[in-house]
Amino acid sequence: MNSRHLLSGCKSLFRLRSPLVTPARCLNLHEHYSLGLLDAEGVPVPRGAVASTPQQVRSVIEGYGLSDAVLKAQVLAGGRGKGHFSSGLKGGVRICYSIDEAVKISEGMLGHTLYTKQTGEQGRPCNDVMVCERVYCRKEFYFAIVMDRQVNGPCMIVSTEGGMNIEDVARENPDAIVKIPVDVNKGITAEESSQAADALGLEGEQREQLMSAVEKLYNLFIKYDSTLLEINPLAELLTDEYCVWTAR
């Protein structure tokens, strides 16, 4: 075989090769699914259920015997609380002080489009709402676990400034954010859980509660092969207990 035939054969070989394909993860969970997974792992979450009609909203509130409740639009977008609906209703997270008020507000959410700073002009449809009990927070923290390329594995991110956009915190007060890498081969250790509690300034029983919750959250992150688990806020209640108020 001469060199020309050899070169032609090589070109044919390369043409037949399939291009490398990078795996893509396309599954993002709505909040009520995330809270359900956390609850199953023993992580404290508010009582509640998802509803797709105003009648179901009434049934959930009555079923739990709540005097007031919180409605959260189940839309995969940040900034829900400051968003607005095509119905004219403002706010994708609303506190309701009676069953009738909750039903009325749900009518302005369900079947309508929610617009936030992350949805763009097209917005996103709201087909379900999360109906949950109202909890009373003393403090709000931020907690997340991400797959971080810089540390080549999981990294916990904690901050005392929860309940607000973490990107804003990073820009305005970067020292309030603490990153704690975790060796994926060893798993989370008491030392790393302790570092998270230290970053939030916790002591005594509250410290022990937080460390236990952090270990459960990390194990859940690994169990479901996650790339992001974000809790904002992680609430410290007036009862000195902790509760995952919002998760994704």
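The structure this text deals with has already been given above.
Visitor: So what exactly am I meant to see when it comes to the overall build of the chain here?
Guide: Helices and strands together make up the secondary structure of the chain, namely 7 helices and 12 strands. Each of the 248 residues in the chain was classed as buried or not, and the buried ones make up 42%. Considering only contacts within the chain whose residues lie at least 6 apart along the sequence, 61% involve residues at least 24 apart.

Visitor: Explain the pattern of salt bridges here, please?
Guide: All chains considered together, the criterion is met by 11 salt bridges. The salt bridge partner of Glu 31 is Lys 72, with a shortest N-O separation of 2.8 Å. You can see Glu 31 sitting in helix α2 (residues 31-40) and its partner Lys 72 sitting in strand β2 (residues 69-73), a full 41 residues away along the chain. With respect to class, Glu 31 is no different from Lys 72; both count as buried. For Asp 240, the salt bridge goes to Arg 138, with nearest N and O atoms at 2.7 Å. With a gap of 102 residues between them, Asp 240 in the loop between β11 (228-237) and β12 (242-244) and Arg 138 in strand β8 (residues 137-148) connect regions that are remote in the sequence. With a relative accessible area of 36%, Asp 240 lands in the partly exposed category.

Visitor: Explain the nonpolar core to me, please; I cannot follow it from the model alone.
Guide: A general feature of soluble globular proteins is that nonpolar side chains tend to end up buried together. Counting 30 residues, the largest nonpolar core has Leu 38, Phe 143, Met 156, Leu 210, Ile 231 and Val 244 as its most contacted members. Looking at this core, the elements with two or more residues in it are α2, β8, β9 (153-159), α6 (190-199), α7 (204-223), β11 and β12. Counting residues per element, this core draws most heavily on α7, which supplies 7 residues. In this view, Met 156 contacts Phe 143, Ala 144, Ile 145, Val 178, Lys 179, Ile 180, Val 182, Ile 188, Glu 192 and Val 214; residues no more than four positions away in its chain are not counted. Listed in part, the 21 residues of the second largest apolar core include Ala 69, Ala 73, Cys 96 and Ile 105.

Visitor: Can you walk me through the pairing of strand β5 (residues 112-115) in this structure?
Guide: Two faces belong to every sheet, and in a regular strand the side chains alternate between them. As defined by bridge partners, strand β3 (residues 84-85) adjoins β5 across 2 bridges and the pair is classed as antiparallel. Looking at the pairing, His 84 lines up with Tyr 115 of β5. Sheet topology places β5 next to strand β6 (residues 124-126); 3 bridges connect them, and they run antiparallel. Counterpart to Thr 113 in the pairing with β6 is Pro 125.

Visitor: When you look at the pairing of β9 in this model, what are you seeing that I'm missing?
Guide: Within β9, 7 of the 7 residues are buried, leaving the element largely enclosed by the surrounding structure. Direction of pairing for β8 relative to β9: antiparallel, over a ladder of 7 bridges. Along β9, the bridge assignment pairs Ala 144 with Ile 157. Once β8 ends, the chain turns through 4 residues before running back antiparallel as β9, passing Asn 152 with a positive phi of about 60 degrees. Sheet topology places β9 next to strand β10 (residues 177-181); 5 bridges connect them, and they run antiparallel. Bridge assignment links Cys 155 to a residue of β10, and that residue is Pro 181.

Visitor: It is not clear to me how the side chain of Arg 80 should be interpreted in this structure. Could you clarify?
Guide: Inspection of the secondary structure puts Arg 80 in the loop between β2 and β3. Here the side chain of Arg 80 touches Glu 31 through a polar contact of 3.0 Å, side chain to side chain. For Arg 80, the contacting residues outside a window of four places in its chain are Glu 31, Lys 72, Ala 73, Gln 74, Val 75, Gly 91, Gly 92, Val 93, Leu 114, Thr 116 and Thr 246.

Visitor: I keep staring at the sheet that holds β2 and nothing clicks. Help me out?
Guide: Spatially, β1-β7-β2-β4 is the arrangement adopted by the 4 strands of the open sheet, whose pairing is antiparallel. The sheet is open, and its two edges are formed by β1 (48-51) and β4 (93-96), each paired on a single side. Averaged over neighbouring strand pairs, the angle between their axes works out to 20 degrees when direction is ignored. As judged from the 4 bridges shared by β1 and strand β7 (residues 129-133), these two strands associate in the antiparallel manner. In the strand pairing of β7, Val 50 is matched with Met 130. Here helix α3 (residues 54-64) sits on the sheet and contacts β1, β2 and β7; the angle it forms with β1, its principal contact strand, is near 165 degrees.

So, how was this worked out
Residues numbered from 1 in each chain as written. Predicted model: local features only at pLDDT ≥ 70, side-chain atom pairs only at ≥ 80, totals over all residues. Heavy atoms only, no water. Helix = DSSP H or I, 4+ residues; strand = E, 2+ residues; numbered from the N terminus. Buried < 20%, exposed > 50% of the residue type's maximum accessible area, 1.4 Å probe, protein only. Contact = heavy atoms within 4.5 Å. Salt bridge = Lys/Arg side-chain N within 4 Å of Asp/Glu carboxyl O. Core = buried A, V, L, I, M, F, W, Y, C linked by side-chain atoms within 4.5 Å. Pairing = 2+ DSSP bridges. Polar contact = N/O pair within 3.5 Å; in protein donor to acceptor, adjacent residues only side chain to side chain. Axes fitted to C-alpha atoms, helices over the stretch in contact; angles between N-to-C directions.

From the geometry alone we can't say anything about function, so treat these as descriptive.
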